[in-house]
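# Chains, contacts and geometry: an overview
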Amino acid sequence: MDFENNKNEQCHSNHDIEELDRIRNQVINNFSSNSSDFYSSSNNNENGSVTLALDDLTVKNIKFMATVIKVLSILGIIVGVFQIIILFLGIFTIIISIKFFKSANALEDTLITKNGEQLKTYFNEQSKALKLYIIFIIVSIIIGILFFSFLMLCVIGALANDSF
């Protein structure tokens, strides 16, 4: 009796392995033929856009995010104008703020049109702005280090002249 149960388990496990192999091959074949569409929705239109279905909380959060990004962008433009007067880094600040403002507009347009094209525009503009912001931070750090190094050299030079 024990031998028969063992034989049935082995038969079932072979059948399961064959079934798993078949499923794995289907998945691999589907993945390789649709690898470019792997992250897209099954409800794609002809142009590759995605139709959005949003609940009330998500709409509220998107509106809040868009408003905050716009306010910060306007403040960034104002700060950029003051930075132009002092240092030419203000140009970067203004460009970055405009990119963020464009991304916020695209996010709001996503809510209006409920079309994924505007959401793609939002992510494109946001990524461009973030890349510029990273460059801005690196340049600001380098200029800050150079400025404080120059300041320290002036202080050391002034102290060295006072001791004689």
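Rules of the game
- Residues numbered from 1 in each chain as written.
- Predicted model: local features only at pLDDT ≥ 70, side-chain atom pairs only at ≥ 80, totals over all residues.
- Heavy atoms only, no water.
- Helix = DSSP H or I, 4+ residues; strand = E, 2+ residues; numbered from the N terminus.
- Contact = heavy atoms within 4.5 Å.
- Expected span 1.5 Å × (residues − 1).
- Buried < 20%, exposed > 50% of the residue type's maximum accessible area, 1.4 Å probe, protein only.
- Core = buried A, V, L, I, M, F, W, Y, C linked by side-chain atoms within 4.5 Å.

Next up on the list: the overall build of the chain. Looking only at helices and strands, one finds four helices and zero strands in the chain. Helices and strands in the chain line up, N terminus first, as α-α-α-α. For the chain, restricting intrachain contacts to residue pairs at least 6 apart in sequence, the fraction spanning at least 24 positions comes to 63%.

Here we come to helix H2 (residues 56–86). When the terminal C-alpha atoms of H2 are compared, their 45 Å separation across 31 residues agrees well with the 45 Å that a helix rising 1.5 Å per residue should span. Among all positions of H2, only Val59, Ile62, Ala66, Ile69, Lys70, Ser73, Gly76 and Gly80 are buried. Check the buried side of H2 and you find it contacts helix H3 (90–113) and helix H4 (116–162).

Formed by 14 residues in total, the largest nonpolar core has its most connected members in Ile69, Phe100, Leu107 and Tyr122. Counting residues per element, the ones that place at least two in this core are H2, H3 and H4. At six residues, H3 tops the list of elements feeding residues into this core. Beyond its immediate chain neighbours, meaning those up to four positions away, Phe100 contacts Ile69, Ser73, Gln126, Ala129 and Leu130.

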